[in-house]
There are 2 protein chains.
Amino acid sequence: MTDPAYSQLTAEQLDTEVLADFRELSRFGETPRGGVDREAMTAPDVEQRGWLTAWLTERGFRVECDRVGNQFGLYTWTPGAPYVLLGSHLDSQPLGGKFDGAYGVLAAAQAAWRLVRRFEESGHTPRHNIAVVNWFNEEGSRFQPSMMGSSVYTGKMDADAALKTVDLTGVSVAEALEAGGALGTGDGPEAAAYAEIHIEQGRHLDEEGVTIGLVEATWAAQKYHLIVTGDQSHTGSTVISDRHDALLGASHLVVAAREIADRFGPDMHTSVGQMVIEPNSPVVVAREVRLHLDMRSPDESLVAQADALLHERIAEIEELASVRIEKDTAHSWGLLPYDPRGVELSREVAEELGLSHRDIMTIAGHDSTNVKDVVPSVMLFVPSVDGVSHNEGEYTTDADLCAGVDLFTGVAARLVGGALD
Amino acid sequence: MTDPAYSQLTAEQLDTEVLADFRELSRFGETPRGGVDREAMTAPDVEQRGWLTAWLTERGFRVECDRVGNQFGLYTWTPGAPYVLLGSHLDSQPLGGKFDGAYGVLAAAQAAWRLVRRFEESGHTPRHNIAVVNWFNEEGSRFQPSMMGSSVYTGKMDADAALKTVDLTGVSVAEALEAGGALGTGDGPEAAAYAEIHIEQGRHLDEEGVTIGLVEATWAAQKYHLIVTGDQSHTGSTVISDRHDALLGASHLVVAAREIADRFGPDMHTSVGQMVIEPNSPVVVAREVRLHLDMRSPDESLVAQADALLHERIAEIEELASVRIEKDTAHSWGLLPYDPRGVELSREVAEELGLSHRDIMTIAGHDSTNVKDVVPSVMLFVPSVDGVSHNEGEYTTDADLCAGVDLFTGVAARLVGGALD
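Right, let's walk through the structure included here. (Residues numbered from 1 in each chain as written. Chains lettered and ligands numbered in written order. Predicted model: local features only at pLDDT ≥ 70, side-chain atom pairs only at ≥ 80, totals over all residues. Heavy atoms only, no water.)

Overview of the interface of chain A and chain B
Okay, so step 1: Counting from both sides, the interface comprises 58 residues of chain A and, opposite them, 57 residues of chain B.
Okay, so step 2: Taken over both partners, the interface formed by chain A and chain B buries close to 5000 Å², and the fraction arising from carbon and sulfur atoms is 54%.
Okay, so step 3: Sorting the residues of chain A by area buried against chain B places Ile 240, Arg 258 and Pro 282 of chain A first, and these three jointly supply 13% of that buried surface.
Okay, so step 4: Between chain A and chain B we count two salt bridges in total.
Okay, so step 5: The partner of Arg 203 of chain B in a salt bridge is Asp 242 of chain A, with the nearest N and O atoms 2.6 Å apart. (Contact = heavy atoms within 4.5 Å. Buried area = accessible area lost by both parts, 1.4 Å probe. Salt bridge = Lys/Arg side-chain N within 4 Å of Asp/Glu carboxyl O.)

A closer look at the layout of surface pockets
Residues and elements named next belong to chain A.
Okay, so step 1: As a volume, the second largest pocket reaches approximately 480 Å³.
Okay, so step 2: Put simply, the parts of the chain that give the lining of the second largest pocket at least two residues each are helix H7 (204–208) and strand S14 (357–362).
Okay, so step 3: A total of five residues in the lining of the second largest pocket trace back to one element, the largest contributor, which is S14.
Okay, so step 4: Residues of the lining of the second largest pocket, tallied by class, amount to eight nonpolar, 13 polar and eleven charged. (1 Å grid on protein atoms, 1.4 Å probe; cavity = no way out; pocket = protein on both sides within 12 Å on 5 of 7 lines; lining within 4 Å. Points joined across faces, edges and corners; volume = space filled by probe spheres on them. Helix = DSSP H or I, 4+ residues; strand = E, 2+ residues; numbered from the N terminus. Nonpolar A, V, L, I, M, F, W, Y, C, P; charged D, E, K, R; others polar.)

Regarding the sheet that holds strand S11 (residues 288–297) of chain A
Residue and element names in this part refer to chain A.
Okay, so step 1: Here four strands make up an open sheet; going across it, the order is S9-S11-S7-S12 and the pairing antiparallel. For this open sheet the edge positions go to strand S9 (269–278) and strand S12 (324–333), each flanked by a neighbour on one side alone. The mean angle between the axes of side-by-side strands here comes to 15 degrees, regardless of whether they run parallel or antiparallel.
Okay, so step 2: In this sheet, S11 lies alongside strand S7 (residues 220–229) in antiparallel orientation, the contact comprising ten bridges. (Pairing = 2+ DSSP bridges. Axes fitted to C-alpha atoms, helices over the stretch in contact; angles between N-to-C directions.)

Examining the packing of helix H1 (residues 11–25) of chain A against helix H12 (residues 398–416) of chain A
Residues and elements named next belong to chain A.
Okay, so step 1: Relative orientation of the contacting elements H1 and H12 amounts to 115 degrees, with a least axis distance of 10 Å. With respect to their mutual orientation, H1 and H12 come out roughly perpendicular. Classified by chirality, the crossing of H12 by H1 is right-handed. Here H1 contributes Asp 15, Val 18, Leu 19 and Phe 22 to the contact with H12, which in turn contributes Asp 398, Leu 401, Cys 402, Val 405 and Asp 406. (Parallel < 35°, antiparallel > 145°, perpendicular 65-115°, else oblique. Left-handed = near helix turned anticlockwise from the far one by under 90°.)

Points about the packing of aromatic side chains
All names here are of chain A.
Okay, so step 1: In total, this model carries 22 aromatic pairs over all chains according to the counting rule given.
Okay, so step 2: With a centroid separation of 6.0 Å and an interplanar angle of 45 degrees, the aromatic rings of Phe 72 and Tyr 153 are classed as tilted. Residue Phe 72 is located in strand S2 (residues 71–75), and its partner Tyr 153 is located in helix H4 (residues 148–153); the two are separated by 81 residues in the primary sequence. Side by side, Phe 72 and Tyr 153 carry an identical accessibility label, which is buried.
Okay, so step 3: Grouped by ring-pair contacts, the aromatic residues Phe 61, Tyr 75, Trp 77 and Phe 119 constitute a single cluster.
Okay, so step 4: In this structure, Arg 27 packs its charged tip against the face of Phe 28, placed 5.1 Å from the ring centre. (Phe/Tyr/Trp six-rings, centres within 6.5 Å; stacked < 30°, edge-to-face > 60°. Buried < 20%, exposed > 50% of the residue type's maximum accessible area, 1.4 Å probe, protein only. Lys NZ or Arg CZ within 6 Å of the ring centre and 35° of its normal.)

What about the relation of the copies chain A and chain B?
Okay, so step 1: Taken as rigid bodies, chain A and chain B are interconverted by a rotation of 179 degrees and an axial shift of 0.1 Å, the fit giving an RMSD of 0.1 Å. Both copies of the chain, as the preceding transformation shows, are related through a two-fold rotation axis. Measuring from the rotation axis to each C-alpha of chain A, the shortest distance belongs to Ser 251 of chain A, at 2.2 Å.
Okay, so step 2: In this assembly, 98% of the residues forming the interface of chain A have copies in chain B that are likewise at the interface, indicating an isologous arrangement. (Least-squares fit on C-alpha atoms with pLDDT ≥ 70 in both.)

Thoughts on helix H3 (residues 102–122) of chain B
Residues and elements named next belong to chain B.
Okay, so step 1: Here H3 is 21 residues long and its end C-alpha atoms lie 30 Å apart, about the 30 Å a rise of 1.5 Å per residue gives.
Okay, so step 2: Of all the 21 residues making up H3, 17 are buried; the element is thus mostly covered by neighbouring parts of the structure.
Okay, so step 3: Downstream of H3 by a residue or two, Gly 123 has a phi angle that is positive, lying close to 80 degrees. (Expected span 1.5 Å × (residues − 1).)

Considerations on the pattern of salt bridges
All names here are of chain A.
Okay, so step 1: Taken as a whole, this structure holds 50 salt bridges over all chains when the rule is applied.
Okay, so step 2: The shortest N-O distance in the salt bridge between Glu 288 and Arg 290 comes to 2.5 Å.
Okay, so step 3: Residue Glu 288 is classed as partly exposed on the basis of its relative accessible area, which comes to 22%.
Okay, so step 4: With a relative accessible area of 23%, Arg 290 lands in the partly exposed category.
Okay, so step 5: Through salt bridges with shared partners, one network takes in Lys 156, Lys 372 and Asp 373.

Here it is as structure tokens:
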């Protein structure tokens, strides 16, 4: 790359780089209604990873994948020193938005490239090396659980278990990674700190006209993968009292989840987004339904109360639909704080840049939800208009995208200097 | 075939033929738990059709498929004369029972072969020719609607529409038939009459210890294919009041269907057996669910009342879940009688053979439900232990299977003689 000296670039030129690259990124898996469809290791995801590899390599980063397909772009000033990781994920939901995850990887790449140029020009060497990361399968729509790549990186999930996970058509993670040329080796680089920036996926910033969200904690959550077991029979001829209808049991669970949300008010979000129904024939009473049910709140005690209520409802539904409901997996966390020093550091950078900001919680999980448990981590938000998320209509203004990258660069500069060591 | 003279065979030898062939038939797509998995034009269905072709051809039948894959084995005494069709279907539900449909085709083949031998030996020529038929895609689990082959044969469904129907993976009927070597031409043979025998798919005969059910009518039914439209969003972060959850709407419909059954009592069967959920990701509020809902009763006025109640509930659910619910297709029928002369004729044969019998209605649809509207048709049942149906545990005793074939042969003999002309 033959660029002008970094210090000669205007803010407008830097913004132009951000927006041009974001337009490029948004082409992969683009949909007619302005979103993207780029599930983990589908063709557009593989193509986009190739684009990122080329982008990083051209700028002097060394690109490698670890054993579960996390893609790292390493810039090493000091061999043997740990890395400040900056990143998010490029995979999307089916018919998802183009900002979710991809904006975070873009911001990471842009921030890292700004710092590389700055240090090249100054001749200084920062305390830590820097790495851009694109975590594998954050979305969890194709392969469950979500945040798979960062879960393995942080030792929360066994790599073999991840590799053996299959999608609904029976393709394993290992097969998909192999086919996509993304199956590497090793555990990835050692991290000194981590930072991630993301659209809010809520409407607080947008409604209040605030540019930056400083994420102080994750909502508490209780997630279940439930198996409803009935018995297969003819939908027409089987008398009602003989039926063990797994789909009826599952439907009662969906309704119960919403009732729980309604009962506890705005501080309780519940949902069921996926059901796998067997045999799913129009004329067969379902023998089995597997579903994901989750309940989240900024108040841990509400999650506990909701969980107790759910268990009461499960017992009633088993009776009502003559089915058995079992927990396949249960996964819960309390209110999970981010390192408060990272929040303060980010607040200082926002103040310096004159960006409006507020403390905020994240309801959605992010890769930083995992990484913060092993190294000091910073999580930042930019606004999402009307809080639209996991939808092609997701939208963040250019000004907010660019402000976020400026902020993220300032945060990254402090982290490579050792601010959270 | 070099067989002993038909008239020299003992009843026990004839039963042995039936049971040996039924064992053969049950091998195709057999499952570890004693059922079969043989959806239309899957490999085991194609193999089994090949077996039937060989069986019929060896015995002097000419085998041909019509333009939608209905498989006919024709025995022509009088060129140009119409055929008495005897048959049912060889396809099954996923993890279905081995008796459903396959027993009817077996009984048809056995009865036809007995008659062929009887007429060969006697030197007489019956009034009508005879044909064994294996109707394509009766089950409707892979391709909707069910009873597709007989619907086209009877002019109730357009052949092109049937051929263009796709399964959940996008394979069309035309492609599946072509691949399975079952795409023929023409409309099939002209029918003089039709007869079918099937397991009851209910528990009346089994509980009362009666061997033969003489089907006098089909329950009235109202079937809908409904589309619930919501809007895709993040299951965690989207505030509840912003959600348009198609899966919640669909789940309320499943619950409402059961409430309707509970309200009207044993003379009302309702169900939802299939849901197609988009995008069906654990972390995305569903944007669309398509489902089949049906309501059946031996009392037409109850179906009308249930339908009115369902419409009230649909309006409430649209409000409750902030979704739109539209009817994609609606399909209804009143109480549909079979030709009473066929019922009497069958009763006489049962009396002659000393078989216990009773009049009965069918709740499930059968190919005869279609065929009876174009030619005089007879529908017969044998018991199914505990009424188990569309389940690997489906079971009918050898004695009942053999008695059914004897009865069916007697009925077929009268039909080829012109009893229902």
